[in-house]
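Here are the chains, one letter per residue:
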Amino acid sequence: RTSRDFAYVVTNDHVVNGATDVVLSTQTSGPLPALSVQEDTADDLAVIKIAQPTQALPALEWGDSEKAGLGETVVAIGFALGLQGEPTVSNGIISALHRDVGQRWMYLQHTAPINHGNSGGPLLDLQGNVIGVNTLLDENAQSVYFAIPASNAKQEVDALIGSMPDRK
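Residues numbered from 1 in each chain as written. Predicted model: local features only at pLDDT ≥ 70, side-chain atom pairs only at ≥ 80, totals over all residues. Heavy atoms only, no water.

### With respect to the overall build of the protein chain
Part 1: On a plain count of helices and strands, the protein chain comes out with two helices and 10 strands.
Part 2: Ordered by position in the sequence, the α and β elements of the protein chain form the string β-α-β-β-β-β-β-β-β-β-β-α.
Part 3: Radius of gyration (C-alpha) of the protein chain: 15 Å, near the 15 Å computed for a compact globule of 168 residues.
Part 4: With respect to the principal axes defined by its C-alpha atoms, the protein chain has extents near 45 × 30 × 30 Å.
Part 5: A total of 168 residues make up the protein chain; the buried ones form 41% of that total.
Part 6: In the form shown here, the protein chain has an accessible surface area of approximately 9,100 Å², with 50% of it arising from carbon and sulfur atoms. (Helix = DSSP H or I, 4+ residues; strand = E, 2+ residues; numbered from the N terminus. Rg over C-alpha atoms; globule rule 2.2 N^0.38 Å. Buried < 20%, exposed > 50% of the residue type's maximum accessible area, 1.4 Å probe, protein only. Areas by Shrake-Rupley, 256 points an atom, 1.4 Å probe, with all protein chains shown as cover.)

Structure below.
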């Protein structure tokens with residue numbers, strides 16, 4: 001999400017994990033220090049506010065996770081294992097809707113591989129819309145990954161942004 005002055009980066013709370021000195025690294029803009037970080041530990045979401053760089057960052061649009069269907073092809077994006085360079089891009093399908101994993105809301109279960117280091121990235125539909133925020137994997141199973149549905153994440157992200165200080 002972006003504005004003229006700021007960009008907001010959505011990730012998992014466990015990615016920033018209480019950090020007060022967050023710096024994002026981009027291939028086009030170099031290091032971008034966070035102006036503010038808001039975390040929701042209960043729902044494993046975080047928003048990082050940065051000054052909009054001279055070359056504006058591309059923004060992804062929220063999709064409608066309620067329209068996701070079983071067997072729908074999805075794409076997960078992240079930086080697996082902290083490797084440098086291009087992001088990791090993997091594809092899979094929605095394998096279950098409204099999966100109860102004992103958290104506040106029901107998750108999207110999918111088969112697009114996420115690994116340590118690329119949780120917090122988007123789960124995209126084939127139109128490039130964010131339908132989830134990748135957050136969990138089942139280490140006791142193969143190809144079982146979970147994303148917070150966009151319908152829930154968007155509401156919480158809007159609340160986190162609304163609670164951020166206005167300082168520049």
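The discussion continues.
### Some thoughts on the nonpolar core
Part 1: Core analysis: the biggest nonpolar cluster contains 16 residues, and Tyr8, Leu45, Val47 and Ile148 have the highest contact counts within it.
Part 2: For this core, the secondary structure elements donating two or more residues are strand S1 (6–11), strand S4 (45–51), strand S10 (145–149) and helix H2 (150–162).
Part 3: Sorting elements by how many residues they give to this core places H2 first, with four residues.
Part 4: If sequence neighbours within four positions are ignored, Val47 has contacts with Tyr8, Val9, Ser36, Val37, Gln38, Val157, Leu160, Ile161 and Met164.
Part 5: One finds Ala76, Ile94, Ile131 and Tyr145 within the second-largest nonpolar core, a separate group that totals 11 residues. (Core = buried A, V, L, I, M, F, W, Y, C linked by side-chain atoms within 4.5 Å. Contact = heavy atoms within 4.5 Å.)

### Topic: the side chain of Thr135
Part 1: Of note, Thr135 is situated in strand S9 (residues 130–137).
Part 2: A distance of 3.3 Å separates the side chain of Thr135 from the side chain of Asn12, its partner in a polar contact. (Polar contact = N/O pair within 3.5 Å; in protein donor to acceptor, adjacent residues only side chain to side chain.)

### Re the sheet that holds S10
Part 1: Pairing within the closed barrel is antiparallel, and its six strands lie in the order S5-S6-S7-S10-S9-S8. Across this sheet, the average inter-strand angle for adjacent strands is 45°, counted without regard to direction.
Part 2: Here strand S5 (residues 73–78) pairs with strand S8 (residues 122–124) via two bridges, running antiparallel. In the strand pairing of S8, Val75 is matched with Leu124.
Part 3: Across the face of the sheet, H2 comes into contact with S9 and S10 while running at roughly 55° to S10. (Pairing = 2+ DSSP bridges. Axes fitted to C-alpha atoms, helices over the stretch in contact; angles between N-to-C directions.)

### Looking at the environment of Met164
Part 1: Tracing the backbone shows Met164 in the segment after H2.
Part 2: Linking Met164 and Asp40, residues 124 residues apart in sequence, is a C-alpha distance of 12 Å.
Part 3: For Met164, the residues in contact, after removing those within four places along its chain, are Tyr8, Ser36, Val37, Gln38, Val47, Ile48 and Lys49.

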